[in-house]
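What the coordinates show
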Amino acid sequence: MSLSKPPILAVPTNIITGFLGVGKTTAILNLMANKPDNERWAVLVNEFGEIGVDGSLVKGQQGNGQQVFIREVPGGCMCCSAGLPMQIALNQLLNEAKPDRLLIEPTGLGHPKEVLQVLSTEHYRQVLSLQKNITLVDARKLEHARYSQHETFNQQIAIADTVVGNKADLYQEGDVQKLIDYVESVAGSNTRVIMAEHGVFPFAELQGQSYKPEKLAHHHHHHGHSKTLASEMPMPASGMIKAMNKGEGFKSVGWRFSPEKVFTRNKLIPLLVELDVERMKAVFITESGIFGYNLTPDGLTEHELDDSVESRVELIAANIDEAFEAQLLSCLHS
């Protein structure tokens, strides 16, 4: 009798991408909430910062018994260093979850063409079935050169089978047509464009083979890490770890805090609301429970979480105020 494990074959796989703050994680949470009960899903999350917050946010909101397995690749574009960080995490996730569907969320500052190329290699050709690539775009950003002239922003649109115009409830007249025209100029007329609010779009958009991998020009970049990421370091006696990263015109600063460090919720919220950054994500253990926070130019959202092993916060901006750390420490519960 053979005891060998059955091979993992043709797992339906979707890349869900988009620039900073467009709502990728919210979209994935919505998809997970509507997952067929009999399916096991795997989610591979990549973050620009080294601390890694998304995994805690997703795990804390998914509830129990959902059969969703999550793994993070923090510290910048996960396809760097010859794709090794991504391949190691992906192989571990597939072996653990044996999923019926795999969702991959590259960082908003990552290189989706390179991610696609790793997934299209011979190693994964039988293991994965590359289905529709979904790119979320906030049409209001198209008038800003920092987006429209950013290579990664345009790459994300170029790889899309479907572009989701997210936050459509906040658009002005003409924004939808601007998005349709922009997508056609970057990705071609056969790229589907739909509108969505709060990251909600039909599950059917994930289904069907992607036509993009074969059509993409080969793309290379090199800025891999050789150091140990802050997300993986053992917690020192001080109970705090700080880490920084930079690239693609942005900087990130993040902190991890041991679970013994409890924050005061009514001090945290005013501090986070006033932040002048492109993006902030956090999970805090407070005296009144565990909460996840998400800050974009549209405002701050708060969600109560079921659990988190520690507090984590990550800021992404062109420039970050050095006074924030002292202000954050002043929010610790005495």
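Values in this document were obtained by computation on a predicted structure and should not be read as measured data.

If you want to describe how two helices pack, look at the angle between their axes and the distance between the axes. Two numbers describe how helix H3 (residues 84–97) lies on helix H4 (residues 112–119): the axes approach to 11 Å, and their chain directions differ by 50°. Taken as axis vectors, H3 and H4 run oblique relative to one another. Between H3 and H4 lies a crossing whose hand is right-handed. Between H3 and H4, the residues in contact are Met86, Gln87 and Leu90 and Val115, Val118 and Leu119, respectively.

What follows concerns the side chain of Ser308. Residue position: Ser308 is located in the loop between strand S13 (299–304) and strand S14 (311–317). The exposure class assigned to Ser308 is buried, which follows from its relative accessible area of 11%. At a separation of 2.8 Å, a polar atom in the side chain of Ser308 contacts the main-chain carbonyl oxygen of Glu310.

What follows covers the pattern of salt bridges. By the definition in use, this model includes ten salt bridges. With its nearest N and O atoms 2.8 Å apart, the salt bridge here joins Arg192 to Glu205. Placement of the pair is Arg192 in strand S8 (residues 192–195) and Glu205 in the loop between S8 and strand S9 (240–247), with a sequence separation of 13 residues. For Arg192, a relative accessible area of 44% corresponds to the partly exposed category. Assessed through its relative accessible area of 9%, Glu205 is described here as buried. Counted as one network, the salt bridges with shared partners bring together Asp138, Arg140, Lys167 and Asp298.

Criteria and cut-off values
- Residues numbered from 1 in each chain as written.
- Predicted model: local features only at pLDDT ≥ 70, side-chain atom pairs only at ≥ 80, totals over all residues.
- Heavy atoms only, no water.
- Axes fitted to C-alpha atoms, helices over the stretch in contact; angles between N-to-C directions.
- Helix = DSSP H or I, 4+ residues; strand = E, 2+ residues; numbered from the N terminus.
- Parallel < 35°, antiparallel > 145°, perpendicular 65-115°, else oblique.
- Left-handed = near helix turned anticlockwise from the far one by under 90°.
- Contact = heavy atoms within 4.5 Å.
- Buried < 20%, exposed > 50% of the residue type's maximum accessible area, 1.4 Å probe, protein only.
- Polar contact = N/O pair within 3.5 Å; in protein donor to acceptor, adjacent residues only side chain to side chain.
- Salt bridge = Lys/Arg side-chain N within 4 Å of Asp/Glu carboxyl O.

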